[in-house]
Amino acid sequence: MDEPVPVRRTLGGWALIAVPYVWLLIFFLAPFLIVFKISLSQIAVAIPPYIPTFDLASGWQAFFEKLGELSFENYLWLTQDDLYWKSYISSVIIAGISTLLTLVIGYPIAYGMARSPQSLRPTLLMLVILPFWTSFLIRVYAWIGILKNEGLLNQLLLTLGIIDEPLVILNTNMAVYIGIVYSYLPFLVLPLYASLERLDGSLLEAAEDLGCPPWLAFWKITLPLSLPGVIAGCFLVFIPAVGEFVIPDLLGGSDTLMIGKTLWTEFFNNRDWPVSSAVAVILLMILVIPIILFQNQQQKIAEKEA
Amino acid sequence: MTRGPSWFNVTSLVVGFSFLYLPIVLLVIYSFNKSRLVTVWGGFSVEWYVSLLHNEQLLDAAWVTLRVAFVSASVATVLGTAAALVLVRSGRFFGRSLFSGMIFAPLVMPEVILGLSLLLLFVAMDQSRGFWTVILAHTTFAMCYVAVVVQSRLVGFDKSIEEAAEDLGCPPVKTFFLITLPIILPGVVAGWMLAFTLSLDDLVVASFTTGPGATTLPMKIYSQVRLGVTPEINAVCTILVVLVTIGVIAASLATRRQQVQKERDERTAFGAEG
Amino acid sequence: MAKKSIGPVRREFTPWETPDHPPFIEFRNVTKMFGDFTAVDNLSLKIYEREFFALLGGSGCGKTTLMRMLAGFEAPTAGQIFLDGQDLAGIPAFRRPSNMMFQSYALFPHMSVEKNIAFGLKQDKLDAAEIRDRVAEMLRLTKLEQFAKRKPHQLSGGQRQRVALARSLAKRPKVLLLDEPLGALDRKLREETQFELMNIQEELKTTFLIVTHDQEEAMTVADRIAVMDKGKLVQVATPAEIYEAPNSRFVADFIGDVNLIEAKVSRKSGEGTLLESVCEGFAIETNQETDAGIGDRVWYAIRPEKVRIAHGRRDQDAANQIDGLVWDIAYLGDVSIIHSKVGESEKDTILRATFANVSRMVDNPITWDDEVVLSFDRDAGVILRG
């Protein structure tokens, strides 16, 4: 096609945009604004358990009056109680370590898949995707029975005589790492496999032909060219892992601090909606940067392909 | 990239896939354990499956979950397909980047934030929570997954096929149903399946947005898991895993068979010409 | 002396030479902008009934946009388009009496060949018997009878192309639009199909408008060609006129191979014009008139096959004889293209001559570094001003 093809938009075309757009505005964007608003409110013993700070129902006049009375108390509270900032930092660290571990385990899998015979690849691909379809909760739960003190792993190691007394893994950060790596492995393997599979094998042959030994060819050719896949995969693990709740709750111990769990506790156990909203707002702000970076990277890849 | 399998590659695949599948396999095996102590093998038994049939609460929760998943997946498929069409076809319009951001963000957004924000919306709307609020919540994040799946199908779609239909006298809306939809149908079906399983699996968002009388299966499982591992839970999990596995394998075998058949046809067609 | 004419005369069909002949398709001052980009620039064009008309140009020249505006996929930014006397403004694509054959064929992958061909007829709500007859007729016309039940992916490229043609002809459109219809076929099949297209057009007597970037294709099939560049028409003429009498360097260079010699007008007389090449110091005698004044810079365009090449001065009849040195030879089998350096300037000016290899064995063949004479007649080339 020679010329850029513009879009002729009819009434139907506008409706097509409007329906999903309005849905997302109501059920995705508006809730965030409400979270933000409530994070500036004060806790109250009531249903709902907060005092609305401002309400558009009372008109713009009241809105501006109230604007002066906004309560940043909840945010102040987050800085004062070290539970919160420790949770934030610990979430980022746990997610970071888990992401690296996932990469270390996931790269050889993706590489092995990309190097496997063509006929085997669809099957392997399906084997990676299948756990993604299986319930997250179930997969995390499956590890409890393995990691427990009297669990299968300890039984095995004791029988083999490798250890004398059971290892304590469950309810430690170690178990959280295992849980995150296990649950998010497909998210890393899939984009990585996609970029490794696209890699032209003749590039490696060319490198070897020019006198480069295979291990160096991997370092100089394969790794740099698979970098977009590595980055995409790491983002896909890191971003959701920071806000993870189920894994630290089921596998972690009482000293495992993760912000998702803190938010959950604040909300369901302490019923402090304004503070949990403030926690969510800060979490979102922490994640906005990697999310934007990720989206930019994806866009660049898409543009390169187009 | 095609080269012979090396020992390193084979080992990493075997170890990697064992890691992915062993926990699930163990879970399935121990669901047939006679002993109540889940980690001690006490012989083969299906008693936990039998006792499931009498667990009214669990069955209720399963029924609620299936209905939620069915309705939310169906609505999400319609909305997500529309969103995918907008993303691929609508060119530039006011607020396009906001729109694509809203489609994209829920895919990586922590579930606690999604759940909390939707709950606060329902409270602000003075909406009593229960079955329908869970459906609205699930529809919202599932439609984004559907949009992404359908979008990937639409990107490879030759737009001139639609123009050809219009050129032959078919109005745009009719063209969508006669031409576009049948061609992207595999993507739409895959999107529906994904939305269905996402809704089936969700614990966090449902916990926030549900109300009395609408306890979903994951919530039920979660509350029991917190009390400890039981073979009964293993049995429920096994059933879910088996159902999803059968569904996914059947679907992917069907598409692959179609693909293979198509490739064979194409080879024959071109062979005949050459 | 017999009357001289340019090129073969295809048939007694030259409505464009009759001043009052009503056009079938008319673009009147049509402009199309995409943002800041002007795809079609204030263009006017008349196409006549039963004509096989080609829009020829490089990518981005606006030819596809022009066709898509006629089909109704784009709306002109300014100007009007008429088809059979009707202003097409505001009529959506699905109500226009034209049909299009797409570059990608755009066959419906989930429908059989029959269903694809019947699709347009069903939109017109024809009755079943009529649809059946029409589909059968189209299958016969495109020799696809045995493939009626197949799906597009079960067909070869050439068969798909014929389905696309059958589908766009089934509704008996007033105009058939063909967008690079043969681009996806290999060379041999493409040449065969060009003749098939011409035969079908003769049989149906429909007006055909083809868009192509392939000059050979345009010259083979079309009654007239419009050469386009940057959204404007450069020349609209028969294939032979376009080739033998291009109106600009762009057209001369775009169609076929050409030697362009920069020159100055040194003398004008009743019998023609004498040119002096700018740097190479040889004169060119032509029998052409030009409106350029003495001393003006012009270009002399001469096709390689009009240049004869020989050892020594054997061709005394030719008005122009230039000394040259053989620099390179491309042996193509049927002909050889011989590049010779001519003139005395520092700059290497190359003149290409086509040498027909009429004998298998040649005594004393022209070879590298030979001194040769390049000769051509007074009417062999054209003088171009721009």
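(A) Spatial organisation of the overall build of chain C. Secondary structure summary: chain C contains 8 helices and 20 strands in total. Buried residues in chain C amount to 40% of all 386 residues.

(B) Structural detail: the overall build of chain B. When you go through chain B residue by residue, the secondary structure sums to 11 helices and 0 strands. What you see in chain B, going N to C, is helices and strands ordered as α-α-α-α-α-α-α-α-α-α-α. Dimensions of chain B, computed from the C-alpha atoms along their principal axes, are close to 70 × 60 × 35 Å. Going through the 274 residues of chain B one by one, you find that 46% of them count as buried. Contacts spanning at least 24 positions in sequence make up 78% of the contacts within chain B whose residues lie at least 6 apart.

(C) Region of interest: the interface of chain A and chain B. At the junction of the two partners, chain A supplies 78 residues and chain B supplies 64 residues. If you tally residues by element for the side of chain A that touches chain B, the top one is helix α1 (residues 11–39) of chain A, at 18 residues. The residue makeup of the side of chain A that touches chain B, split by class, is 56 nonpolar, 17 polar and 5 charged.

(D) Inspection of the interface of chain C and chain B at higher detail. Taken residue by residue, the interface counts 22 residues in chain C and 21 residues in chain B. Elements represented by at least two residues in the side of chain C that touches chain B include exactly β6 (98–101) and α2 (113–123) of chain C. The element best represented in the side of chain C that touches chain B is α2 of chain C, accounting for 3 residues.

(E) The arrangement of the environment of Ile47 of chain C in detail. All names here are of chain C. Within the element layout of this structure, Ile47 appears in strand β2 (residues 37–47). Sequence separation between Ile47 and Arg162 is 115 residues, and the spatial gap between their C-alpha atoms is 25 Å. Among residues more than four places away in sequence, those in contact with Ile47 are Pro23, Phe24, Ile25, Phe53, Thr207 and Leu209.

(F) Representation of the confidence of the model for chain C in the model. Taken as a whole, chain C shows an average pLDDT of 90; of its residues, 95% reach a score of 70 or greater. Under the prediction, the complex receives an ipTM of 0.87, its pTM being 0.84.

(G) Region of interest: the nonpolar core. Counting 158 residues, the largest nonpolar core has Ala110 and Val279 of chain A together with Leu116 of chain B as the members making the most contacts within it. Those residues within four positions of Leu116 of chain B in sequence are excluded, and the remaining contacts are Val35, Leu263, Phe267, Ser276 and Ala280 of chain A together with Phe208 of chain B. One finds Leu168 of chain B together with Val163, Ala166 and Leu176 of chain C within the second-largest nonpolar core, a separate group that totals 105 residues.

(H) Expanded view of the sheet that holds β2 of chain C. Residues and elements named next belong to chain C. The strand order across the open sheet built from 4 strands is β2-β1-β4-β5, with neighbouring strands paired in antiparallel fashion. Unpaired on one side and paired on the other, β2 and β5 (86–87) mark the two borders of the sheet. Against the sheet, helix α1 (residues 63–71) touches β1 (25–34), β2 and β4 (78–83), its axis set at about 115° to β1.

(I) Summary view of helix α8 (residues 173–198) of chain A. Residues and elements named next belong to chain A. An ideal rise of 1.5 Å per residue puts 38 Å on 26 residues; α8 measures up with 37 Å between its terminal C-alpha atoms. Approximately 50° is the largest bend angle found in α8, and it occurs at Tyr184, with the proline Pro186 only one to four residues beyond. Judged by how many residues are buried, α8 sits mostly within the fold: 22 of 26 residues are covered.

(J) Representation of unusual backbone geometry. The phi dihedral of Asn29 of chain C falls on the positive side, at around 50°, and the residue is not glycine. Within the secondary structure, Asn29 of chain C is located in strand β1.

(K) The sheet that holds strand β19 (residues 371–376) of chain C, seen in detail. All names here are of chain C. Strand order in the open sheet formed by 5 strands is β15-β19-β16-β17-β18, with antiparallel pairing between adjacent strands. The strands lining the two open edges of the sheet, one partner per strand, are β15 (308–310) and β18 (349–356). Ignoring strand direction, the axes of neighbouring strands in this sheet form an average angle of 45°. When strand β17 (residues 335–342) meets β18, the two strands line up antiparallel, connected through 8 bridges. By the bridge assignment for β18, Ser340 is matched with Leu351.

(L) Representation of the domain arrangement of chain C within the structure. Residues and elements named next belong to chain C. The domain boundaries assigned to chain C delineate domain 1 (15–253) and domain 2 (257–384). Relative placement of domain 1 and domain 2: their C-alpha centres are 39 Å apart. Taken residue by residue, the interface counts 6 residues in domain 1 and 6 residues in domain 2. For the side of domain 1 that touches domain 2, the class distribution of residues is 3 nonpolar, 1 polar and 2 charged.

(M) Region of the structure containing the pairing of β4 of chain C. All names here are of chain C. Of the pairings in the sheet, the one linking β1 to β4 comprises 5 bridges and is antiparallel in character. Considered in β4, the bridge of Thr31 is made with Ala78. The antiparallel pairing of β4 with β5 creates a hairpin that spans 2 residues between the two strands, and Asp84 there sits at a positive phi of about 50°.

(N) Region of the structure containing the environment of Leu121 of chain C. For Leu121 of chain C, the position within the fold is in helix α2. You can call Leu121 of chain C buried: it has 24 C-beta atoms within 10 Å.

(O) A look at the packing of helix α4 (residues 96–108) of chain B against helix α6 (residues 131–155) of chain B. All names here are of chain B. Relative to each other, α4 and α6 sit at 110°, their axes nearing to 8 Å. The orientation of α4 relative to α6 falls into the category roughly perpendicular. Facing Ile103, Pro106 and Leu107 of α4, the residues of α6 in contact are Phe141, Cys144, Tyr145, Ala147 and Val148. Taken together, the residues of the contact of α4 with α6 sort by class into 8 nonpolar, no polar and no charged.

(P) Up close: the confidence of the model for chain B. Scored by pLDDT, chain B comes out at a mean of 88, with 96% of its residues at no less than 70. Looking at the elements of chain B, mean pLDDT is at its lowest for helix α11 (residues 231–273) of chain B, recorded as 83, and at its highest for helix α9 (residues 204–209) of chain B, recorded as 94.

(Q) Expanded view of the pairing of strand β9 (residues 224–229) of chain C. Residues and elements named next belong to chain C. Buried residues dominate β9, accounting for 5 of its 6 residues. Summarising the sheet, strand β3 (residues 52–56) and β9 pair through 4 bridges and their orientation is parallel. The residue of β9 that forms the bridge with Ala54 is Ile225. The sheet contact formed by β9 and strand β10 (residues 232–237) spans 5 bridges and is antiparallel.

(R) Spotlight on the packing of α1 of chain A against helix α13 (residues 273–305) of chain A. Residues and elements named next belong to chain A. Put simply, α1 and α13 touch, their axes get as near as 7 Å, and they point 125° apart. When the axis of α1 is compared with that of α13, the two are oblique. Note on packing geometry: the crossing formed by α1 with α13 is left-handed. Two secondary-structure elements touch here, α1 through Val35, Phe36, Ile38 and Ser39 and α13 through Trp273, Pro274, Ser277, Ala278, Ala280 and Val281. When the residues that make up the contact of α1 with α13 are grouped by side-chain class, the tally is 8 nonpolar, 2 polar and no charged.

About the thresholds
Residues numbered from 1 in each chain as written. Chains lettered and ligands numbered in written order. Predicted model: local features only at pLDDT ≥ 70, side-chain atom pairs only at ≥ 80, totals over all residues. Helix = DSSP H or I, 4+ residues; strand = E, 2+ residues; numbered from the N terminus. Buried ≥ 20, exposed ≤ 12 C-beta atoms within 10 Å, placed from the backbone. Contact = placed C-beta atoms within 7 Å. Nonpolar A, V, L, I, M, F, W, Y, C, P; charged D, E, K, R; others polar. pLDDT = per-residue confidence, 0-100. Core = buried A, V, L, I, M, F, W, Y, C linked by C-beta atoms within 7 Å. Pairing = 2+ DSSP bridges. Axes fitted to C-alpha atoms, helices over the stretch in contact; angles between N-to-C directions. Expected span 1.5 Å × (residues − 1). Bend = angle between axes of the 7 residues up to and from the residue. Domains from an automatic or database assignment. Parallel < 35°, antiparallel > 145°, perpendicular 65-115°, else oblique. Left-handed = near helix turned anticlockwise from the far one by under 90°.

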